[in-house]
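# Reading the structure
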Amino acid sequence: MIIFRLFILLFLLLTLACGPKEDSLEGRFIIHSKQVEKKPNDPTGHFELAKVHIEKDEFQTALKLLNKAIHLKEDYAEAYREKGIALFYLKHYPDAEKALLKSFRLNAAQPDIATDLGSIYLKNGNIKNAFRYLKIAQTRNNNMHIVFNNLGAASAITGKNKQALDFWKQGLEKNPRVPETHVNMGVVYEKLGQNKKAIAAYQKALQWEASNAMAHYNLGVIHAKEQDFLKAIGEWKLAHKFDKKDPNFLNSLAWAYEKIDKKEEALAKLSMSIKLSPYDSRTHYSSGRLKYDTGNIDDSIDSFKKAVQLDPNFGEAYYRLGLAYDALNQSYDAISHLMIGEIVFHKAKKMDLFKKTRDRLAPLFAKYQTQRKDFKDLQLPETLKGYDLHKRANQIRTSKQK
């Protein structure tokens, strides 16, 4: 079964990458491009042109220009900040943290640098430092709707849901038109079992931004939990329409299509997901399981093989490989993969699955007139080599035992 996300966590963060727009984007692009051409050793031109590229979501180009600006002026605090922003959107989060921290050290008085540092520490999971810098940002009274949004996100991650909601409400008092804040509130309301409030929050987000993929996705989650799969599919289709780069939307759609017995549609969505995220072992496994269930045994084997290549400890994939090979009457491959699955489950202490696999093996030994000893040269993945299925834990005795 495909596992779909009940909530979108990490919470949605707001950064200050672009700031207020001035003049026209293309006009500034022309002006600063000429500036760079005329004065190639002037760091300001490279910096200003990089900001234009950030506004155009051309982050790689912006990064090159910012590196040039920093090369020309090593203490260029503002350039380090923009570099951190570009790296943030390129999802190079550790490098973004380094650049923003360098910017702060060079010029701590920049209006939004503390907010940005709080954001990146939050993204990187350093909640203590996130709170530290967001509290600094709170004293500067600049872009407070962003500060309160991210303080709320940090609070929610630490389980302080009431505090999170209080921060978000303060943020909405500063600027009620921030869809991310409404979505974040919806996630917490949903965690608290307050689905009506969650739905209202997601709908409010869509009022300000009809194309907000996360609001549509989370509405779909609520419908799915209520077993209304058609409504869930409708919302997840919209989520995918507005964000075609998130494989989780496709995985959820596949899960819902399978629930209403539309397995071909489910397989199509999984194929699209694999193109976006080819190294996700669970998606390959889900695809293989559906192929097996629809009678496409050969292709299911290919998918299960891919799953165990990506995750050598994927017991369920070994189990399914064993079933698939048995369907083709390939005795050695059927038994050997079930035996590997058996070891994986035992090592992971998944004893119900271990017993299920062992029970499945017993009739296969009889069917193919073979025994365990015939598989003494079983080829195991590196992570399982040397593991003794029959080894008992060391028996420790105390002085009071005879």
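For the structure, check the block above.
Residues numbered from 1 in each chain as written. Predicted model: local features only at pLDDT ≥ 70, side-chain atom pairs only at ≥ 80, totals over all residues. Heavy atoms only, no water.

### Description of the packing of aromatic side chains
Summed over all chains, the structure comprises 15 aromatic pairs. Residues F88 and Y89 carry aromatic rings whose centres are separated by 5.4 Å and whose planes lie at 80° to one another, so their mutual orientation is edge-to-face. Exposure remark for F88: the relative accessible area of 11% places this residue in the buried category. When the centroid spacing of 5.0 Å and the interplanar angle of 40° are considered together, the rings of Y285 and F314 count as tilted. Here F314 lies in the loop between helix 17 (297–310) and helix 18 (315–327) and Y285 lies in helix 16 (residues 281–293), a separation of 29 residues in the sequence. Across the pair, exposure class does not vary: Y285 and F314 are buried alike. Counting every residue linked through ring pairs, the aromatic cluster contains Y217, F229, W236, F249 and W255. Lying across the ring of Y76, K73 places its NZ or CZ 4.5 Å from the centre. (Phe/Tyr/Trp six-rings, centres within 6.5 Å; stacked < 30°, edge-to-face > 60°. Buried < 20%, exposed > 50% of the residue type's maximum accessible area, 1.4 Å probe, protein only. Helix = DSSP H or I, 4+ residues; strand = E, 2+ residues; numbered from the N terminus. Lys NZ or Arg CZ within 6 Å of the ring centre and 35° of its normal.)

### Let's talk about the pattern of salt bridges
Applying the stated rule across the entire model yields 15 salt bridges. For the salt bridge of R28 with E55, the shortest nitrogen-to-oxygen distance reads 2.9 Å. Here the residue R28 occupies a position in helix 1 (residues 25–38), and E55 occupies one in helix 2 (residues 43–55), the gap between them amounting to 27 residues. The same class applies to R28 as to E55, namely buried. A salt bridge links K225 to E190; its shortest N-O distance comes to 3.1 Å. (Salt bridge = Lys/Arg side-chain N within 4 Å of Asp/Glu carboxyl O.)

### With respect to the environment of A256
For A256, the position within the fold is in helix 14 (residues 247–259). With relative accessibility at 0%, the residue A256 sits in the buried group. Along the backbone, A256 and Q227 are 29 residues apart, and their C-alpha atoms lie at a distance of 9.6 Å. Excluding residues that lie within four positions of it along the chain, A256 makes contacts with I233 and W236. (Contact = heavy atoms within 4.5 Å.)

### Considerations on unusual backbone geometry
A positive phi angle, close to 55°, is found at N141, a residue other than glycine. Along the chain, N141 turns up in the loop between helix 7 (127–138) and helix 8 (144–157). With relative accessibility at 56%, the residue N141 sits in the exposed group.

### Considering the packing of helix 18 against helix 20 (residues 351–367)
One way to put it is that helix 18 packs onto helix 20 with a least axis distance of 12 Å and a crossing angle of 20°. Between helix 18 and helix 20, the crossing angle belongs to the class labelled roughly parallel. Viewed along their axes, helix 18 and helix 20 form a crossing whose handedness is left-handed. Here E316, Y319, L323 and D326 of helix 18 come into contact with helix 20, specifically with L353, K356, T357, R360, L364 and K367. Looking at the contact of helix 18 with helix 20 residue by residue, the class counts come to 4 nonpolar, 1 polar and 5 charged. (Axes fitted to C-alpha atoms, helices over the stretch in contact; angles between N-to-C directions. Parallel < 35°, antiparallel > 145°, perpendicular 65-115°, else oblique. Left-handed = near helix turned anticlockwise from the far one by under 90°. Nonpolar A, V, L, I, M, F, W, Y, C, P; charged D, E, K, R; others polar.)

### Side note on the nonpolar core
Among the nonpolar cores identified, the biggest contains 38 residues, and W168, V183, Y202 and W236 are the most heavily contacted of them. At the level of elements, helix 9 (161–174), helix 10 (179–191), helix 11 (195–208), helix 12 (213–225), helix 13 (229–242), helix 14 and helix 15 (263–276) are the ones that each hand at least two residues to this core. Among the nonpolar cores identified, the runner-up in size contains 31 residues, and L323, A324, V344 and L389 belong to it. (Core = buried A, V, L, I, M, F, W, Y, C linked by side-chain atoms within 4.5 Å.)

### What to know about the packing of helix 13 against helix 14
Interhelical geometry of helix 13 versus helix 14 gives an angle of 155° and a closest axis separation of 9 Å. The orientation of helix 13 relative to helix 14 falls into the category roughly antiparallel. The interaxial crossing formed by helix 13 with helix 14 has left-handed handedness. Residues F229, I233, W236, K237, A239 and H240 of helix 13 lie in contact with helix 14, whose contacting residues are F249, L250, S252, L253, W255, A256, Y257 and K259.

### Focus on helix 7
If you check helix 7, its first and last C-alpha atoms are 16 Å apart, about what 12 residues at 1.5 Å a residue would give, namely 16 Å. Taken residue by residue, helix 7 has I127, N129, A130, F131, Y133, L134 and A137 as its buried positions. Buried residues in helix 7 make contact with helix 5 (93–106), helix 6 (113–123), helix 8 and helix 9. (Expected span 1.5 Å × (residues − 1).)

### Points about the layout of surface pockets
Considering only enclosed or pocket space, the second largest pocket measures out at about 260 Å³ in volume. The wall of the second largest pocket is formed by 11 residues, among which M339, I343, F375, K376 and L378 lie closest to the centre. Within the lining of the second largest pocket, the residues separate by chemical class into 6 nonpolar, 1 polar and 4 charged. (1 Å grid on protein atoms, 1.4 Å probe; cavity = no way out; pocket = protein on both sides within 12 Å on 5 of 7 lines; lining within 4 Å. Points joined across faces, edges and corners; volume = space filled by probe spheres on them.)

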